[in-house]
Amino acid sequence: MGVLKRYGEYLPVTEKTPAVNLEEGSTPLVRLGRIGSDLGIELWGKLEGCNPTGSFKDRGMVLAVAKALEDGAKAFVCASTGNTSASAAAYAARVGAPCYVLLPSGKVAMGKLAQSLMYGAKVIAVDGNFDRTLEMAREASAKYGFAIVNSINPYRLISQRTGAWEICESLGDAPDMHAIPVGNAGNISAYWAGYREFHKRGRSKKLPRMMGFQAEGASPLVTGKECPNPETVATAIRIGNPVSANLAREAARESGGEFNSVTDAEILDAQRVLASKCGIFAEPASCAPLAGLIKLKRSGRLPEGSKVVMVLTGNGLKDPDTALSQVEKPVSIGGTMEDLIEAIRL
Ligand SMILES: *Cc1c(COP(=O)(O)O)cnc(C)c1O
């Protein structure tokens with residue numbers, strides 16, 4: 001039914017707010033039994049790749065776009081590592097407004113680029129990293145009066161809390177541990193605010209430990225210092241100076257959680273494990289938490305039997321190049337049964 005409808009009573013939605021809806025949210029929460037038993041935990045995956053544009057960004061974008069329209073916005077702008085732009089472009093198309101998308105040139109996964117172009121956004125590739133594109137988007141917003149729909153837009157995080165509410169409703173309570181990839185650190189902050197809100201309203205009894213995972217080459221929250229040249233195969237979390245760093249640190253501190261980093265090789269291994277053991281294809285950034293849980297298990301820091309939810313933030317189909325670089329090529333054969341029998345080699 002879309003998050004504005006499902007959770008309207010908990011969101012800043014009034015009679016004046018346009019009812020924007022792409023049926024986002026209400027994503028599956030899937031028990032990952034095989035990996036969970038390997039890790040000695042009860043593991044669940046929240047399949048955010050099932051959102052309409054294939055990532056969790058839709059949860060926040062729908063409210064950001066609705067509130068901007070309510071305030072009279074005529075056009076949208078965003079800087080993006082890919083998924084924010086895909087989502088902004090889709091919702092702008094939905095409401096018939098132009099959308100300007102600033103991307104760090106050459107660093108955006110192919111599927112995400114195809115989405116933004118297909119939805120009809122004006123896509124501008126900037127010779128700079130994400131942090132620079134964000135500065136430029138802010139300036140364009142001030143200069144032209146475009147509504148900026150990056151996570152500095154407060155409605156994004158407000159509406160991303162819905163993910164935590166869905167988890168609490170599905171499980172009947174919050175989990176013991178919430179594992180999530182961290183880039184600009186908005187989502188971990190939104191989930192923590194969501195869990196706290198449900199707890200305060202008496203809708204859940206527990207509060208989870210918030211475990212944030214970054215890529216080693218872009219891990220300012222782990223090292224404690226800004227990362228001027230972030231580098232990782234997980235482009236969605238290739239961010240050196242997270243916008244919501246302070247909120248995220250608070251979430252980890254208040255919940256007894258922590259930040260950890262994982263290497264690109266560990267991320268890509270985790271991506272293959274998730275796909276081949278559970279049938280779930282998630283993009284590289286989404287697999288940082290699984291890589292991190294495997295690492296915690298190895299160092300004996302993953303409490304046996306705990307109930308853990310991982311947010312699988314984006315769909316694997318968005319980045320086919322990275323996936324294809326990690327697997328064997330298809331076997332090519334001629335068109336006879338002998339060829340096939342040879343290839344199957346039972
Ligand atoms: C945006 C994004 C992230 C990072 O979320 P933040 O709120 O920036 O920390 C992680 N994974 C995917 C797939 C994303 O699109």
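Quick summary incoming for the structure in this document. Every chain begins its residue count from 1, and numbering advances along the sequence as written. Residue-level local features of this predicted model are given only where pLDDT is at least 70; pairs of side-chain atoms are given and counted only at 80 or more, and the full residue set underlies all totals for whole chains, interfaces and linings. Side-chain metrics in this entry use all non-hydrogen atoms of the structure; hydrogen atoms and water are not considered.

Looking at the sheet that holds strand β3 (residues 76-79)
The sheet built from 4 strands is open, its strands ordered β5-β4-β3-β6 with parallel pairing. Of all strands in the sheet, those bounded by a partner on one side alone are β5 (122-126) and β6 (147-148). Only when DSSP finds a minimum of two bridges between them are two strands counted as paired. Think of it this way: any DSSP run of H or I at least four residues long counts as a helix, any run of E at least two long counts as a strand, and we number them from the N terminus. As judged from the 4 bridges shared by β3 and strand β4 (residues 99-104), these two strands associate in the parallel manner. Bridging from a neighbouring strand, Ala 79 pairs with Leu 102 of β4.

A word on the site of the ligand
Near the ligand lie 17 residues; those nearest to it are Lys 57, Asn 83, Asn 184, Asn 187 and Thr 313. N or O atoms within 3.5 Å of each other form a polar contact, as long as, within protein, one can give a hydrogen and the other can take it, and as long as residues adjacent in sequence are counted only when both atoms are side-chain atoms. At 2.8 Å from an oxygen atom of the ligand is found a main-chain nitrogen or oxygen belonging to Ala 185. Protein coverage of the free-state accessible area of the ligand, which is 380 Å², stands at 95%. Put plainly, a pocket is an open set of points on a 1 Å grid over the protein atoms alone with protein on both sides within 12 Å along at least five of seven lines, a cavity is a set where a 1.4 Å probe fits but cannot get out, and a lining residue has an atom within 4 Å of a point. Here the criterion for a molecule occupying a pocket or cavity is that more than half of its atoms lie within 2 Å of the pocket grid points. A molecule is said to occupy a pocket when more than half its atoms come within 2 Å of that pocket's grid points, and by this definition the ligand occupies the largest cavity. A molecule or strand has a residue near it when one of that residue's heavy atoms lies within 4 Å. In these tables, accessible area is a Shrake-Rupley quantity obtained with a 1.4 Å probe, and a residue counts as shielded only by the protein chains included in the view.

Comments concerning the environment of Leu 69
Examined against the element boundaries, Leu 69 turns out to sit in helix α3 (residues 57-70). Burial here depends on accessible area, computed with a 1.4 Å probe over protein chains only, as a share of the maximum for the residue type. Under 20% is buried, over 50% is exposed, and the range in between is partly exposed. Relative accessible area serves as the criterion here: at 24%, Leu 69 is assigned to the partly exposed category. Measuring from C-alpha to C-alpha, the distance between Leu 69 and Thr 17 comes to 7.9 Å, with 52 residues separating the pair along the chain.

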